[in-house]
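Structural features, examined
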Amino acid sequence: MNTLRAFFIGCLAFGGGLLVSVSASLPIARPLPSEIAAGIGLWRLHGCEGCHALYGQGSMYASDLTGVAVRRAPDDLRRLLTSPETVAANGRLMPPLGLAPAEAEALLAFLAWVGEQPPRDVWPPTAR
Ligand code: HEC
């Protein structure tokens with residue numbers, strides 16, 4: 001009887017240890033910071049995807065914005081979003097969307113976050 005009990009307790013301890021070690025190695029879904037989440041909402045609300053792409057998904061009418069926060073200075077991007085008629089990008093102007101400064105900040109946070117996701121700095125691909 002004592003042997004059976006010891007075996008049972010041993011199994012419980014082993015199972016518990018296994019559960020702890022497996023769950024410790026699982027990736028944990030972290031909630032997005034609220035400004036980035038707001039940026040995603042604005043990206044959809046203003047139909048950015050109707051003209052731009054991220055990671056090649058979306059429209060190709062204007063540039064793919066995956067790495068734009070790395071390529072362009074933050075102040076430049078800020079002006080581009082709030083008064084696009086003053087900043088040329090790739091020889092063209094973006095139509096004014098009437099974005100408020102707070103909306104531009106959230107969109108910038110979102111675009112910076114996009115640029116940090118893997119595969120970083122490799123999109124759009126260029127010929128070697
Ligand atoms: C009606 C089409 C259209 C929509 C909608 C649009 N854009 Fe643009 N955007 C353009 C054009 C045209 C350019 C300039 C040419 C280019 O980048 O290819 C541009 C340029 C940009 C650039 C600079 C790109 C670079 O390569 O330097 C950024 C950043 C940008 N847009 C962000 C946004 C965001 C964020 C939204 C949504 C809030 C948005 N755009 C919605 C047409 C659009």
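Summarised in this report is the structure supplied together with it. This one's a predicted model, so the numbers in the text were calculated from it and none came from an experiment.

**With respect to the overall build of the chain**
Broken down by element type, the chain carries five helices and four strands. Counting only residues that meet the buried cut, the chain has 15% of its 128 residues in that class. By sequence separation, contacts in the chain at least 24 residues apart represent 54% of the contacts at least 6 residues apart.

**As for the environment of Ala89**
Of note, Ala89 is situated in strand β3 (residues 88-89). Those residues in contact with Ala89, other than ones at most four positions away along the chain, are Ser63, Leu80 and Met94.

**Some thoughts on the packing of helix α2 (residues 34-45) against helix α5 (residues 101-116)**
The interhelical angle for the contact between α2 and α5, taken along N-to-C directions, is 100 degrees, at an axis separation of 7 Å. One way to sum up the angle between α2 and α5 is to call them roughly perpendicular. Listed contacts from α5 to Glu35, Ile36, Ala38, Gly39, Ile40, Leu42 and Trp43 of α2 are Glu103, Ala106, Leu107, Ala109, Phe110 and Trp113. Along the lines of polarity and charge, the residues of the contact of α2 with α5 split into ten nonpolar, one polar and two charged.

**A look at the packing of helix α4 (residues 74-82) against α5**
The contact between α4 and α5 brings their axes to 9 Å, and the two run at 130 degrees. By the angle class used here, α4 and α5 are oblique. Taken as a pair, α4 and α5 cross one another with a handedness that is right-handed. The segment α4 lies against α5, with Pro74, Leu77, Arg78, Leu81 and Thr82 engaging Pro101, Ala104, Leu107 and Leu108. Residue composition of the contact of α4 with α5, by class: seven nonpolar, one polar and one charged.

**Observations regarding the site of the ligand**
In the vicinity of the ligand lie 22 residues, with Cys48, Cys51, Ala62, Ser63 and Met94 positioned nearest. The dominant element in the shell around the ligand, judged by the number of residues it contributes, is α4, at three residues. Residues belonging to the shell around the ligand are distributed by class as follows: 14 nonpolar, six polar and two charged.

**Here we look at α4**
Three or four residues apart is the spacing at which side chains of an α-helix point the same way, because the helix has 3.6 residues per turn. Buried within α4 are the following residues: Leu77, Leu80 and Leu81. The arc that holds every buried residue of α4, seen down its axis, measures 95 degrees, which confines them to one face. Looking at the packing, one finds that the buried side of α4 touches α3 (68-71), β3 and α5.

**Here we look at the nonpolar core**
Core analysis: the biggest nonpolar cluster contains 16 residues, and Trp43, Leu81, Ala106, Leu107, Phe110 and Leu111 have the highest contact counts within it. Breaking this core down by element, the ones donating at least two residues are α2, α4 and α5. For this core, the element with the highest residue contribution is α5, accounting for seven residues. Sequence-distant contacts of Leu111, defined by excluding residues within four places in its chain, comprise Leu65, Val68 and Ala69.

**Description of α5**
Across its 16 residues, α5 extends 23 Å between first and last C-alpha, which sits within 8% of the 22 Å expected from 1.5 Å per residue. Residues of α5 that are buried: Ala104, Ala106, Leu107, Ala109, Phe110, Leu111 and Val114. Along its buried surface, α5 packs onto α2, β1 (53-54), α3 and α4.

About the criteria used
- Counting from 1, residues in each chain are numbered in the order their sequence is written.
- For this predicted model, a pLDDT threshold of at least 70 governs which residues receive local features, and a threshold of 80 or more governs which side-chain atom pairs are given and counted, while totals over whole chains, interfaces and linings are taken from all residues.
- Per the convention used, a helix needs a DSSP run of H or I reaching at least four residues, while a strand needs a run of E reaching at least two, with both numbered from the N terminus.
- Exposed residues have 12 or fewer other C-beta atoms within 10 Å of their own C-beta, buried residues have 20 or more, and residues in between are partly exposed; the C-beta atoms are placed from the backbone.
- Any residue pair is listed as a contact if its two C-beta atoms, each placed from the backbone, are within 7 Å.
- Each axis is a line fitted through C-alpha atoms, taken for helices only over the stretch in contact, and angles between the N-to-C directions span 0 to 180 degrees.
- In these notes the angle categories are as follows: under 35 degrees is roughly parallel, over 145 is roughly antiparallel, 65 to 115 is roughly perpendicular, and the rest is oblique.
- Residues are grouped as follows: Ala, Val, Leu, Ile, Met, Phe, Trp, Tyr, Cys and Pro are nonpolar; Asp, Glu, Lys and Arg are charged; every other residue, Gly included, is polar.
- Helix crossings are classified by the rotation of the near helix relative to the far one: an anticlockwise turn of less than a right angle makes the crossing left-handed, while a clockwise turn makes it right-handed.
- Whether a residue is near a molecule or strand depends on its C-beta atom, generated from backbone atoms, being within 6 Å of that molecule or strand.
- Each direction from the helix axis to a C-beta atom contributes to the arc, which is the arc of those directions.
- Buried Ala, Val, Leu, Ile, Met, Phe, Trp, Tyr and Cys residues whose C-beta atoms connect them within 7 Å together make up a nonpolar core.
- An expected span of 1.5 Å times one less than the residue number is assigned to each helix.

Limitation: the analysis is restricted to geometry and does not speak to function.
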